[in-house]
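# Residue-level structural notes
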Amino acid sequence: MSRPWEADTTAELRRRLGKSALELGNTTGSPSCPDIWELSNGDIAVIGRDLTHVYADRLPSGVSIGEDERLVVIPRNMIVATKSDIPDA
């Protein structure tokens, strides 16, 4: 059975949403920075800390993480900074 949505691995990183981790004070310029990007097909890529193993046993009812999925955590100020870049529809 195929899934209703599948990640398009040919999509390219098109533009950062919000501000960089450096601008928000979430990094000192190291290469391991959280980030949010819009892909060329409109999907969103999130770079964050992989905490799948930490939350796997604490997921709310009805929430699951697939074998090919990861739960990533990013700073709150980073997602708030994307508000003006995200269209209403």
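To start, this report covers the structure provided alongside it.

The rules behind each value
- Residues numbered from 1 in each chain as written.
- Predicted model: local features only at pLDDT ≥ 70, side-chain atom pairs only at ≥ 80, totals over all residues.
- Heavy atoms only, no water.
- 1 Å grid on protein atoms, 1.4 Å probe; cavity = no way out; pocket = protein on both sides within 12 Å on 5 of 7 lines; lining within 4 Å.
- Points joined across faces, edges and corners; volume = space filled by probe spheres on them.
- Helix = DSSP H or I, 4+ residues; strand = E, 2+ residues; numbered from the N terminus.
- Nonpolar A, V, L, I, M, F, W, Y, C, P; charged D, E, K, R; others polar.
- Phe/Tyr/Trp six-rings, centres within 6.5 Å; stacked < 30°, edge-to-face > 60°.
- Lys NZ or Arg CZ within 6 Å of the ring centre and 35° of its normal.
- Buried < 20%, exposed > 50% of the residue type's maximum accessible area, 1.4 Å probe, protein only.
- Contact = heavy atoms within 4.5 Å.

Computed from the structure, the largest pocket encloses a volume of approximately 550 Å³. Every residue lining the largest pocket is counted, 16 residues in all, and those nearest its centre are Trp-5, Ala-7, Ile-44, Ala-45 and Val-46. Counting residues per element, the lining of the largest pocket draws most heavily on strand E3 (residues 44–47), at three residues. Here the lining of the largest pocket is composed, by residue class, of eight nonpolar, one polar and seven charged. Quantified by volume, the second largest pocket comes out at close to 160 Å³. As for the second largest pocket, its lining consists of Asn-26, Thr-27, Ser-30, Ser-32, Cys-33, Pro-34, Ile-47, Gly-48, Arg-49, Val-73, Ile-74 and Pro-75. Counted by class, the lining of the second largest pocket contains six nonpolar, five polar and one charged residues.

Moving on to the packing of aromatic side chains. Counted according to the given criterion, the structure contains zero aromatic pairs. The ring of Tyr-55 is capped by Arg-58, whose NZ or CZ atom sits 4.6 Å from the centre of that ring.

Quick look at the environment of Ser-32 now. Residue position: Ser-32 is located in the loop between strand E1 (13–16) and strand E2 (35–39). For Ser-32, a relative accessible area of 52% puts it in the exposed group. For the pair Ser-32 and Ala-89, spaced 57 residues apart in the sequence, the C-alpha separation amounts to 31 Å.

So, about the side chain of Thr-27. When you line up the elements, Thr-27 lands in the loop between E1 and E2. What makes Thr-27 buried here is its relative accessible area of 14%. Those residues in contact with Thr-27 that sit more than four places away from it in its chain are Ala-21, Leu-22 and Cys-33.

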